[in-house]
Amino acid sequence: MPAIRERWFADDYELTDGDVMDVEYRDGTLVTPAARGSNVVVNNRTGEQWRPKRHGPGTFTLQVWLGTYQRQAQQLWDDLLAAVVQPHRLVTWRRITAAGESRYCYGEVVGALQPTAIGQAAYRASIDVVVPGGYWRGDQLQVVTVPAGADPAGTVIDLGAFSSSTAMLEELSLTLTGRLVSPQLSDITDRGRGDWVSYNGVVDTGQGLTLDNATWGITGSGGLVPDGGLVNYSGDRFLALAATPPGVKHQLLLTATEIDPGAAVTVTGYRSYLV
Amino acid sequence: MAATDLLYALSAAGAGMGGAPSYWTNAGGAIREPNGLFAVNTWKNVKRGATHQQLTLTGYDPQAAILAATGGVIPYSLDFLHVQVTFTLTDASNFSSVDVLLLDADGNQLATAPLYLLDTAAGITTLGWVNYIGHNGLDDGQPLTWDDLAGCQIVLDVDWSPAAQIGATFAVDAVGMFVSYTVDPPTTPLQPPTAVPVQAPGGGVTLRVYDRDDNRLGTLPWSKLSTTIVRNDLAALSAEVPKGLIATGLLDGERYLRVAVNGRETDDWFVLDDDGDDDANEYGAMRPVAIAGTGVGSILDWGVVYSWQYDPTKGTLLGLDPNNGFAGKTPGFVLRTLIDAAKARGCFPQLTYSFTDDVDSAGRAWPTIYSKTYDIGTSLLKVLTDAATDGWVDWEMTGFRLDCYVPDTTLALDRPDVILRLGKGVTQAPRKRTRKSTRTALLANGDQGATVEVDDPTAAVTYGRREGYEGRSGVTDVGTLTAATTVSLARQTDAHEALTLEIDPYAMPEEAPALPRPGGYIRYDQRRLSPTELEPMRVQSVAIDYGDAGKVSVELNDLWVDADIKRARQLDAILNGSTANDRVPQPQDAPDSLAPGPVLGLGLESTAYVAPDGTLGAQMTASWVQVTQNADGSTIDDLAGYELQWRQLDVMSGINTISINAITLYEWSPVVPGVQIDVRIRAIDRWGNGSTWSDWTSIMAGADVTPPPVPTAPVVDNYLGLYRAVWDGAFVGGLARPPDLHHVEVHLSQIDGFTPDARPIEDGGTLAGSVFAAGPVFRDTPYGQTWYAKLVAVDTVGNRSDPSDQSSGASGQVVEADVFDGAIGSSKLADLAVITAKIDDLAVNNAKIGSMEVGKLLAGTFTAQIIMGGTISTSADPTTSGGVQINGLGIYAWNSSGVQTVAIDTAGNATLTGTYRTAASGQRVEIGVAGATRQLVFYSPNGQQQYLRSETWQNQANSTVEALSIRAGTQALILATSDNTASMWGWSLGFIYRDDFSVWSAPSVLGDTANQRERVTINSNGEWTLWPGGGGTMHFLAQDVSTSSPRIQFVNPSGFGAVIKAVYANSVARIEVRDVNDQGFSNVYAAAFTVNSDLGAKTDVRAVDEADAAAMLTAVLDTKVHRYRRIRYDGSDAAEEIGLVAQRAPKQIVVGASNPDPGVDLYQMNTMLWGAVQTLGRRLAAIETRGGKKK
């Protein structure tokens, strides 16, 4: 696939006009969020006790170049400020990669913007953007539906559609369609976290139970009124999946004490990227 | 009072209102919509030229009307106000509109709404109404409250445009007012939520300052603000406000603070306690002023208990307060009395309360009465907080209103839907469990040498022996001391735990505003009782930081605290005495007498306890009202004490009498628990005069009403083929075994989620057995059948706990090491060990029989898959005596004469004699019906018979005819060997047959019954011959092969006739009539011979001209007429004829000139003659004309 020109948008405002405005350098645009947390020093033990880490907020810097003569550059500068400086809300930063994939994040400009005048014709400025949520996500909604098999060992759900992600999948929506009694979804991804989420109740035929990791919502459909107390999980989300090494697919295992034909699992969400 | 009553009253007042408006509904249930009606007859003359006037309505009291409707219960909440007005206008020409204003008692406007007018013509009674004042809040956004209705005023604001006419009047006939309110507290969460600012676009949090009279003085622009609301305790507020932004005097004097979130004030008001700043602060005029406030309930701290009555207007003492101390009073009475006394002295005039002596703020009757004396100087806040700590009440302040509730009712709101999830928004969750105060043995000392020691062996296993000491002065009875110490120890046998959750309200936009007020229950996803149940966690306090980085801290306690509070209440009951049902009436007036007055208000309480020696006893507490009067009502001054008598007639005879000093509370023990005890009391003066005995008052001894804790769910399994339900001896929440636990019932049912029924299973209940300690109950249930098990703990007086969680299981087969199924193999069983006596009758059957060789076998019903035998016979020799036999050759039967009737051999030959029927009767087929052999009879549904019959008979020639006849009624179809079926009659079809080797034989249809002749024959060439009567025949001959012409031959009995044939030759079709042999032609005779000459059947029609006609004359003249004789093919001579010869005739009239048999067309020939005659005619006329000319 031929590479295309990389493009950047702040909400719907394109920063890479390529004519009178563009992102100049790629330096600073691919910065991953730093890990948060620290290892623990234990007396009389060598080194530190390792602890799993989480990522902090992400940052990236855009080197923007504006204008061809001063009056237009001033107008472009005003437009740019109006587009990216939104202290009361988060701006959607969208990037179309050279491979043509659209990714976006929610970011804010917290620092001062200091343009450098290039003669009287143009401005040059670097925009430091902080991504409080840490991660970028793909623009395309991925939906994986797998019917539950009768195999007593459980049904493996292949989530390879998500596996090109480079960051943890924390905002997937899991929908269990009945009839399932005490279903459990376990992360059996090779080198994964091994977490699980279970519902200690019955999702009857025609009913659905949706666990939305993004909103922590527990919703039922088809007449199911879920009891939040029946949802049990091992991790700090209902079920979050770590990013996989190259070539390894995400996999879930569905088990239940009773599975009737028609039961299925649907996983919905977006790919997640460090940057 | 119902809504309809009001409407009726309104109508009677002259409003002319026809029934309720259509939008009016009476929801019933908890929501009621009745109340105030007031009628006015105020004629209001409008001022000349007035543009608007206000008319204040009077004569109503909505609070009184509601109380009358509810029986004195103050509504839980008010929804809206509905006002109806009827009025009359004398001149409506400049009348504009009417607004309804709702004013408070001070004349401040609460709300306004325009009156909706039905009609405004002059001289008629007009109805106007306004709905839903306050439904969406009053003008200030606050809901309509009970206090708003106190002294509220309704003002009609009448507008005229441009101005009223001279002499116009506006006369109000009647006004009805309706308030929608809710009496009962809602079962669904309607408790005002804890105010948490979450995602409040356009809103904000403001700090408002009020004075004592509820006047809003201003707003404090805060930089820091936080509040803490605590269960049954004072709330707290702290804030920082820049000094330069505080208006002058705003914080001077008595001030109250309220927090408004998004313009809506929270129910928690605060008293401004402290404000202060630091002049040295470098921020100068804008330096922060620290402000601290406590919940508005702290105004109760400004009043104290006086033990005597004091008249502040005179500065004199009026004597001892007869209510001090309180004996057998409800918490409502105690608090109300003390508050009212303080208010009478001028304390906290702004304070109101919503409970009464009899019911709490939700209208719920106080269940318990208490006896208590307060020290002089005790603040009323302390009285209130002690009442809460002791479990008398739950309380909270709503504005200046004190609401008190029966504990664990209104304020114990369970919100199972509020689940705080760790990863979602919990930022901190510090937990602390302390074992410091844990004790496992208590030594208690009362007065007069009463000393007991109580220990808890179960707790000692965990914590070892930890001793504690409790001094209980005033308790002289060992039983009371034991009971109190036991309960007190139960509070100390486990670790105490507290958990505080700090949450980010912005991460929990749904949960944070839904947090119940302190006292309610929520869930925390890190605390579970089981995989299917989250632990209810009680909210002890909610602290809210309203800053930019707002956060909410929720202090939670678990089940342990609830149990602890219940024990505290139990302890209080033991030491103070209480009864659930007794009310203490006031002393009565009576005439003077020397004997003391009767003792009133005897209340009893009894608690079971386990004595140090392990025996179960019951302790008694009696309380009564001090006798203050003699029997005649005069003040008693010689009371010596009381005599108390008690009896337990069920277990002992006689009456026990106890002499008591002049006190009002007495405890004694032991009495027999679980048995009714009767107690009465009288007063004795120092001279020995006794009052009349009080009535016997009875309770169940040891009748504590505290049920045991809930046992843990049973463990169910299969044990030696029996269903086993085991209690592990523990209780939910790790609570200790109560000392008065008697047993734990094990309930079983096949119904999932069943409710335990204390009757035995055999009697329709669910009780399967009981255990007295950890242990099992067994039941023989069918293998594999699922039974559900629950436990119910029962104490010695029969208090039953709630059922435990359910377990389920099923019994199954036993597989044990000794003799399990299949354990004894055939090698272990001695040969010939199974004798006949060891085999049950009929036990050996089916698969247990492989092959059997016996000399003789007698059996009843013999069922087998395969029976192999040489001969199976119904008798030894059926060939002589009759019977059935199956042998190697086939199946045979013989009649009683030994004649074989059935023979079916293995070659497939079958002989069945007798009659064969397809059914016993009705529609059927029978073969060989008796008396009519050789026939097959078909019985139709109506009983008619049809036959298929083989017959022989003699024909006229006396030869035998063999025939097969099919007969249906009188008709028959006969297939016979001869055409002469002499004895048969009717229409018959004879000897039609065909075999495989011959062509069709000639069939004929016999039609002539008299002569037995055929009427139709068909020969093998397919030629038909018909005899239509007589000797003549018609033959449908085979076709003329040369011309493929079909032919019909008519022949008379003499052999003369003709042949009619259809010929097609040279593209012309024609009918030919030939002689009888189809050789020459035959004659055709007819009355007329007509040729079709229709113009419509012709084309190219044109009249011939004279030349053409002349040519016809020439042709006629040129054609010779011939004489000849026709050739006859039978050889006979024919007569001479005249005529034309086709070959010599004009071509115009010749037909088939090229055929073998050309002819002459008579029609054309005559027409040619016609043309010739016309020519002749013209020529004759011409001759005549010329001759005339010549003349």
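Structure: see above.
K.L.:
Explain the overall build of chain B to me, please; I cannot follow it from the model alone.
P.N.:
Assigned secondary structure in chain B consists of 12 helices and 74 strands. The buried share among the 1191 residues of chain B stands at 42%. Taking all contacts inside chain B whose residues are at least 6 apart in sequence as the whole, residues at least 24 apart take part in 59%. When the accessible surface of chain B is totalled, it reaches about 63200 Å², and 52% of it is carbon and sulfur.

K.L.:
Explanation requested: the environment of Ser811(B) in the structure shown.
P.N.:
Residues and elements named next belong to chain B. Looking at the element boundaries, Ser-811 is found in the loop between strand E51 (807–809) and strand E52 (872–873). C-alpha of Ser-811 to C-alpha of Trp-787: the two residues are 24 residues apart in sequence and 8.8 Å apart in space. Excluding residues within four positions of it along the chain, Ser-811 makes contact with Asn-718, Gly-721, Leu-722, Tyr-723, Thr-781, Pro-782, Tyr-783, Gly-784 and Gln-785. Looking at Ser-811, its side chain comes within polar contact range of the main-chain oxygen of Thr-781, at 2.8 Å. In this structure the side chain of Ser-811 is engaged in a polar contact, spanning 3.3 Å, whose partner is the backbone oxygen of Pro-782.

K.L.:
Would you mind going over the interface of chain B and chain A with me for this structure?
P.N.:
Quoted interface sizes are often the accessible area lost when the parts come together. Every contact between the two is made by 10 residues of chain B and, on the other side, 12 residues of chain A. Buried surface at the junction of chain B and chain A, both sides included, amounts to about 870 Å², of which 47% is carbon and sulfur. Counting across the chain B and chain A interface gives zero salt bridges. The tally of links between chain B and chain A comes to seven residue pairs in polar contact (both at pLDDT 80 or more). Of the residues in the side of chain B that touches chain A, the class split is three nonpolar, two polar and five charged.

K.L.:
Hey, could you run me through the pattern of salt bridges in this one?
P.N.:
It is possible for side chains of opposite charge to pair when their charged atoms get near one another. All names here are of chain B. Here the structure, examined in full by the defined rule, presents 56 salt bridges over all chains. For Asp-417, the salt bridge goes to Arg-415, with nearest N and O atoms at 3.0 Å. A relative accessible area of 53% means that Asp-417 is categorised as exposed. Residue classification places Arg-415 among the buried residues on the basis of a relative accessible area of 13%. Among the salt bridges present, the one from Asp-1078 reaches Lys-1061, with a minimum N-O distance of 3.3 Å.

K.L.:
Explain the nonpolar core to me, please; I cannot follow it from the model alone.
P.N.:
Soluble, globular proteins show a tendency: their nonpolar side chains are buried together. Residues and elements named next belong to chain B. Leu-220 and Ile-291 are the most contacted members of the largest nonpolar core, which has 40 residues in total. Counting residues per element, this core draws most heavily on strand E36 (residues 537–545), at four residues. Formed by 37 residues, the second largest nonpolar core is a distinct cluster that contains Trp-269, Ile-339, Leu-380 and Cys-404.

Calculation notes
- Residues numbered from 1 in each chain as written.
- Chains lettered and ligands numbered in written order.
- Predicted model: local features only at pLDDT ≥ 70, side-chain atom pairs only at ≥ 80, totals over all residues.
- Heavy atoms only, no water.
- Helix = DSSP H or I, 4+ residues; strand = E, 2+ residues; numbered from the N terminus.
- Buried < 20%, exposed > 50% of the residue type's maximum accessible area, 1.4 Å probe, protein only.
- Contact = heavy atoms within 4.5 Å.
- Areas by Shrake-Rupley, 256 points an atom, 1.4 Å probe, with all protein chains shown as cover.
- Polar contact = N/O pair within 3.5 Å; in protein donor to acceptor, adjacent residues only side chain to side chain.
- Buried area = accessible area lost by both parts, 1.4 Å probe.
- Salt bridge = Lys/Arg side-chain N within 4 Å of Asp/Glu carboxyl O.
- Nonpolar A, V, L, I, M, F, W, Y, C, P; charged D, E, K, R; others polar.
- Core = buried A, V, L, I, M, F, W, Y, C linked by side-chain atoms within 4.5 Å.

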